[in-house]
Amino acid sequence: MRDWSERHRLAGRRVGFVPTMGALHEGHLALVDEARRHSDVVVVSVFVNPLQFDVRADFDRYPRPIDDDLRACADAGVDAVYAPTAAAMYPPGFQTHVEPGPLAERLEGEHRPGHFRGVTTVVAKLFAAVRPHVAVFGQKDAQQLAVVRRMALDLDLGIEIVGMPTVREPDGLALSSRNRRLGPEQRAAAVVVSRALRSIEESLRQGTTDATVLVRRAAEVIDAEPLARLEHVEIVDPDTFEPVHTVDRPSLALAAVWFGEVRLIDNLLLSTG
Ligand code: PAF
């Protein structure tokens, strides 16, 4: 992978990178399009990273349709797919990790212990292999994007990190590889996540700025759906991910909701005025 990248770098081409865990959907293809806007050649990695799963069953059940993924990459004009094995990424004796800071401690970090340490470690390794000039990440994983941005800055990686808005189904459900694990009834119910976040936006527009009230209303929307189990809904500062008490400046509403054994996350940037 590094030789391939080096050849393009020496020829003066910019290398764009989209790291993924496969099960590619339109959201990933939007990341590929964005990467192409910033570079001359585009690499997609497909690697289901065991380090970032806190629950073994979730890792085992994560979809791995590699043939479909390769076809989707070819159709999208991706220049190279990097799909290392777990044995190549983490050979016996592997022991070095990238430890993220406080940004990774709340929300996803709190509910999925070790998750972001797994993400930063694998992303650092993928960056070392792909040697991109620019890497594109989805804003659906807003905290991941912030943690990776921080890592690139703190470790002087010299890689431009670009965030891409969430791609949604027509009913509002954010695209995610996990959506394909939902049964038909769960899929229909899952729309409640974006609806709850929109309810926050709507209440804010009507003048409610108290985050506790806004969050309670969103929780009620989710609780009204029998197939949904709310894990958390919060309003935070989009830079620090610390809780916001009064929404009087741009803030981020985030939710994590379970449908059976499938955990979905989504977020919405709230603008004021
Ligand atoms: O967002 C993902 O798919 C993963 O967390 C990533 C960035 C590919 C690291 O494994």
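If you're wondering where the values come from, they're calculated on a predicted model, not measured in any experiment.

Undergrad: Can you walk me through unusual backbone geometry in this structure?
TA: Most peptide bonds take the trans form, and the phi angle of most residues other than glycine is negative. The phi dihedral of L107 is positive, around 50 degrees, even though this residue is not glycine. On the secondary structure map, L107 appears in the loop between helix 5 (86–89) and helix 6 (108–111). The phi dihedral of R131 is positive, around 50 degrees, even though this residue is not glycine. Along the chain, the position of R131 falls in the loop between helix 7 (115–130) and strand 4 (134–138).

Undergrad: I keep staring at the pattern of salt bridges and nothing clicks. Help me out?
TA: Oppositely charged side chains may form a pair once their charged atoms are brought near each other. By the definition in use, this model includes 21 salt bridges. Between D54 and R112 there is a salt bridge, and its shortest N-O distance comes to 3.4 Å. With D54 in the loop between strand 2 (41–46) and helix 3 (56–61) and R112 in the loop between helix 6 and helix 7, this residue pair connects regions lying 58 residues apart in the sequence. A residue is classified by how much of its surface remains accessible, and D54, at 34% relative accessible area, is partly exposed. The network of salt bridges with common partners includes D58, R178 and R181.

Undergrad: Sorry if this is basic, but what is going on with the site of the ligand here?
TA: Around the ligand, the surrounding shell consists of P19, T20, M21, N49, Q52, V122, F137, D141 and Q144. At 2.7 Å, a side-chain N or O of Q144 approaches an oxygen atom of the ligand. Burial of the ligand by the protein amounts to 90% of the accessible area it has alone, namely 290 Å². Taken together, the residues that form the shell around the ligand break down as four nonpolar, four polar and one charged.

Undergrad: Is there a simple way to think about the sheet that holds strand 8 (residues 262–270) in this case?
TA: Sheets are built from strands that pair by backbone hydrogen bonding, the pairs being arranged parallel or antiparallel. Read from one edge of the open sheet, three strands run 6-7-8, paired in antiparallel fashion. At either end of the open sheet lies a strand with only one pairing partner, and these are strand 6 (229–236) and strand 8. Taking the axes of each pair of neighbouring strands and ignoring which way they run, one obtains an average angle of 10 degrees across the sheet. In the sheet, strand 6 pairs with strand 7 (residues 251–259) via seven bridges, with the strands oriented antiparallel. By the bridge assignment, H232 is partnered in strand 7 with A256.

Undergrad: I keep staring at the sheet that holds strand 1 (residues 15–20) and nothing clicks. Help me out?
TA: Ordered in space as 3-2-1-4-5, the five strands form an open sheet in which the pairing is parallel. In this open sheet, the two strands that pair with only one neighbour each are strand 3 (80–82) and strand 5 (160–164). Adjacent strand axes in the sheet meet at a mean angle of 25 degrees when their direction is disregarded. Sheet topology places strand 4 next to strand 5; five bridges connect them, and they run parallel. Across the sheet, the residue bridging to G138 is M164, located in strand 5. Of the strands in this sheet, strand 1, strand 2, strand 3, strand 4 and strand 5 touch helix 7, which is tilted by about 145 degrees from strand 1.

What counts as what
- Residues numbered from 1 in each chain as written.
- Predicted model: local features only at pLDDT ≥ 70, side-chain atom pairs only at ≥ 80, totals over all residues.
- Heavy atoms only, no water.
- Helix = DSSP H or I, 4+ residues; strand = E, 2+ residues; numbered from the N terminus.
- Salt bridge = Lys/Arg side-chain N within 4 Å of Asp/Glu carboxyl O.
- Buried < 20%, exposed > 50% of the residue type's maximum accessible area, 1.4 Å probe, protein only.
- Near = heavy atom within 4 Å.
- Polar contact = N/O pair within 3.5 Å; in protein donor to acceptor, adjacent residues only side chain to side chain.
- Areas by Shrake-Rupley, 256 points an atom, 1.4 Å probe, with all protein chains shown as cover.
- Nonpolar A, V, L, I, M, F, W, Y, C, P; charged D, E, K, R; others polar.
- Pairing = 2+ DSSP bridges.
- Axes fitted to C-alpha atoms, helices over the stretch in contact; angles between N-to-C directions.
- Contact = heavy atoms within 4.5 Å.

As far as function goes, none of this settles anything; it's purely spatial.
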